Amino acid sequence: MTTGRTYLAIPGPSVSPERVLNAMHRSAPNIYEGEIVDMTRALIPDLRRVAQTSQHVAIYIANGHGAWEAANCNMFARGDRALLVATGRFGHGWAEGLARQGVSVEIIDFGKASPADPQRIADALRADTTHQIKAVLVTHVDTASSARNDLPAIRAAIDSTGHPALLAVDAIASLACDELRMDDWGIDVVVGASQKGLMLPPGLGFVWFSDKALELSRRADLVTPYWDWKPRGTGTEFWQYFGGTAPTHHLYGLREALTMILDEEGLEAVWARHQRLASAVWAAFDAWGAGSAIALNMANPTDRGHSVTAATIPHGGAGALRRWLEAEAGVTLGIGLGMAAPSEPAYQDFLRVGHMGHVNAHMTLGVLASMEAGLQALGITHGPGAVEAAARAIASPT
Ligand SMILES: *Cc1c(COP(=O)(O)O)cnc(C)c1O
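Report follows, based on the coordinates. (Residues numbered from 1 in each chain as written. Predicted model: local features only at pLDDT ≥ 70, side-chain atom pairs only at ≥ 80, totals over all residues. Heavy atoms only, no water.)

**Quick notes on the overall build of the protein**
Here is the rule: The helix count covers DSSP runs of H or I at least four residues long, the strand count covers runs of E at least two residues long, and both are numbered beginning at the N terminus. In this analysis, two residues are considered to be in contact whenever any of their non-hydrogen atoms come within 4.5 Å of each other. We get accessible surface area from the Shrake-Rupley algorithm with a probe of 1.4 Å; when it comes to residues, only the shown protein chains can shield them. Lys and Arg are tallied as positive, Asp and Glu as negative. Neither His nor the chain termini are counted. All charge positions are set by atom: Lys at NZ, Arg at CZ, Asp at CG, Glu at CD.
Regarding its fold elements, the protein presents 14 helices and 12 strands. Put simply, of all contacts in the protein between residues at least 6 apart along the chain, 73% involve residues at least 24 apart. Accessible surface computed for the protein: about 15,500 Å², of which carbon and sulfur atoms make up 53%. Side chains of the protein carry 31 positive and 40 negative charges; the gap between the two charge centres is 2 Å.

This is the structure:
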């Protein structure tokens, strides 16, 4: 049953539209003059729009880890302190890199199944009376737990303390999926990557930064030339060469993706589509979970990201279902990341469904119906009516 178009429903890399791939499928352009120079210059305002900012953006040839490191080395000087808000594996990943770069990281760990409590962030900042903490780092949507943090509430909590720390956000899993308004929400640094909501192959990393972050970065002594955001954030010449050869084909793909997101569908419609598709996934899991141990990782819908859903199917059911779907239905789901070590039996109890980027109703309903078939084929106990509940969520959004 796998002949036909397969679907990689993992939380990144996501499905790239044919239009994006076709835009990339061409011979290399002259990077010294001609259309790529003008096209790249015109990408900058659109990149600002996708993060809802009028401030600065730097493009790197890097994945998300590279973009993390770029943000880190521009924000901090050696020996500075960072306050990292962890709501899943990705928060800890950001902290690990930061610590290895020489920054002293204080982690507030909210565990694997709850969003951050802004009050505890405020308490930690109030305790820092000498303002050693230079930035509060938050993962918007943690791709391991699918927890989504309330960024305006976190901003308000920081402001209530009068502490000058920057607010830096990892939006790699949420950019062009979940509502994100950098300037209106008072975010100083946003970290993104190409292969999730932006629908490109992996290879581009982005860091948006505020005037305030730019000012602070003038004292940062961790930065090395390639990662310095100051020249990347200004200057046509830099956008032409990117500190070396431009990522030519990715730029053509990015042009197409941003046109689709911003000019054709519209950013708010993109957010609304992700919300509606996520509600279908949640409706299916709620039905499966009735009278069974199948459960969503995040109990409260307002705490869930709209681009990825983490769930439990105990007794190895998640692993068995993932294998069945790949072998029998042409669907690949995500592994449970950071919930248990790969060597532990519990590792097979977790999975994630990616629903980010170039996804629509038939893709999401197809995944859910295939999962229903897998649960039946494997004899995994589950509640009835999941596909119908998901269809209802699509048919009449609340
Ligand atoms: C995917 C992801 C990353 C890591 O990105 P890579 O490109 O794999 O390095 C970091 N943070 C979040 C929230 C992610 O979803």
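More follows now that the structure is in view.
**Points about the sheet that holds strand S11 (residues 331-335)**
Our working definition: Here, a strand pair is defined by DSSP locating no fewer than two bridges between the strands. Structural elements are reduced to axes, namely lines fitted to C-alpha atoms, with helices fitted over the stretch in contact, and the angle between N-to-C directions of any two is expressed from 0 to 180 degrees.
With mixed pairing, 5 strands are arranged side by side in an open sheet as S1-S11-S12-S10-S9. Each edge of the open sheet is held by one strand with a lone partner, namely strand S1 (7-9) and strand S9 (295-296). Bridge count between strand S10 (residues 308-312) and strand S12 (residues 350-354): 5 bridges; the pairing is antiparallel. Opposite Ala311, over in S12, you have Leu351 as the bridge partner. Strands in contact with helix H11 (residues 267-289) are S9, S10 and S12; relative to S10, the strand with the most contacts, it is inclined by about 10 degrees. The sheet strands contacting helix H13 (residues 361-378) are S1, S11 and S12, and the helix crosses S11 at an angle near 80 degrees.

**Concerning the sheet that holds strand S5 (residues 133-139)**
Taken together, 7 strands build an open sheet; the order of strands is S2-S8-S7-S6-S5-S3-S4 and the sheet is mixed. Both edges of this open sheet fall to strand S2 (56-61) and strand S4 (104-109), since each of them pairs with a single strand only. Going from strand to strand, the sheet's axes swing by 20 degrees on average, the running direction of each strand aside. In terms of strand pairing, strand S7 (residues 189-193) meets strand S8 (residues 204-209) through 5 bridges, oriented antiparallel. Bridge assignment links Gly192 to a residue of S8, and that residue is Phe206. The strands touched by helix H6 (residues 151-161) within the sheet are S5 and strand S6 (166-170), with S6 carrying the most contacts at an inclination of about 160 degrees.

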